[in-house]
Amino acid sequence: MFNDIGALELVTIVVLAILIFGPDKLPKVIQDVSAMIRKIRSFSDSAKQDIRSELGPDFKDFEFEDLNPKNFIRKQLTENEDLKEIRSSFDLRKELNDVTDAVNSKEDGSAAAPAASATPAAAAGPDLLKKPAAPAPEQRTPFDADAT
């Protein structure tokens, strides 16, 4: 309940309470506040029980904390069997290792046989290691200094 209140803030609240209510009335105020908190909690618990009884036997294990969107999504992602199966079948590390093996074997094959790229069989696919040739001067677009 007081997770975000520090020691200095708590001391400040106590000093203010003593100054406002005085040392004579402070115990009575504390009793009244604690009784009010107990009544609110009992009212809340009875309302929860009424809602559960109205929903029927299918919702006996229904928790109101599950209505929080964060908790709902977390519960659906961790308890859904279909998602667990999909998550286990999609192994990103395996996919990444397959891609790196393919890239490494492609680099090893191209470095081992540079003369093979001149053959017509290798010309069928694009050469990914070479930069494209510069276009001929008549194909270049004119430079426009005003456009920059």
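Rules used throughout
Residues numbered from 1 in each chain as written. Predicted model: local features only at pLDDT ≥ 70, side-chain atom pairs only at ≥ 80, totals over all residues. Heavy atoms only, no water. Helix = DSSP H or I, 4+ residues; strand = E, 2+ residues; numbered from the N terminus. Buried < 20%, exposed > 50% of the residue type's maximum accessible area, 1.4 Å probe, protein only. Areas by Shrake-Rupley, 256 points an atom, 1.4 Å probe, with all protein chains shown as cover. Salt bridge = Lys/Arg side-chain N within 4 Å of Asp/Glu carboxyl O. pLDDT = per-residue confidence, 0-100. Contact = heavy atoms within 4.5 Å. Expected span 1.5 Å × (residues − 1). Bend = angle between axes of the 7 residues up to and from the residue.

Asks: Explain the overall build of the chain residue by residue, including any values.
Replies: Assigned secondary structure in the chain consists of four helices and zero strands. Scanning the chain from its N terminus toward the C terminus, one meets helices and strands in the order α-α-α-α. Here the chain, with 148 residues, has 5% of them falling under the buried criterion. For the chain, the accessible area works out to roughly 13,700 Å², and carbon and sulfur atoms hold 62% of it.

Asks: Give me the lowdown on the pattern of salt bridges, citing residues and values where you can.
Replies: Pairing between side chains of opposite charge can happen when the charged atoms of each approach one another. Applying the stated rule across the entire model yields one salt bridge. Of the charged contacts, one joins Lys28 and Asp32 as a salt bridge, the two residues approaching to 3.3 Å between their closest N and O atoms. Of this pair, Lys28 and Asp32 both sit in helix H1 (residues 7-55), four residues apart, which is roughly one turn of that helix.

Asks: Give me the lowdown on the confidence of the model for the chain, citing residues and values where you can.
Replies: Averaged over every residue, the pLDDT of the chain is 77; residues scoring 70 or more account for 70%. Within the chain, helix H3 (residues 81-89) has the poorest average pLDDT of any element, 70, and H1 the best, 91. Residue range residues 111-122 is modelled with pLDDT below 50. Its contacts to residues more than four positions away, or to other chains, number two contacts.

Asks: A description of the side chain of Arg52 should follow, citing residues and the corresponding values.
Replies: Checked against the element boundaries, Arg52 lands in helix H1. In this structure, Arg52 is in contact with Phe59, Lys60, Phe62, Glu63 and Phe64, ignoring residues within four places of it in sequence.

Asks: Explain H1 to me, and be specific about the residues and the numbers.
Replies: Over its 49 residues, H1 extends only 43 Å from the first C-alpha to the last, a length that falls short of the 72 Å expected when each residue adds 1.5 Å. At Gly22, H1 shows its strongest bend, of approximately 100°, with the proline Pro23 following within four residues. Three or more residues of H1 are buried, namely Ala17, Gly22, Leu26 and Arg52. One or two residues past the end of H1 sits Gly56, with phi positive at roughly 105°.

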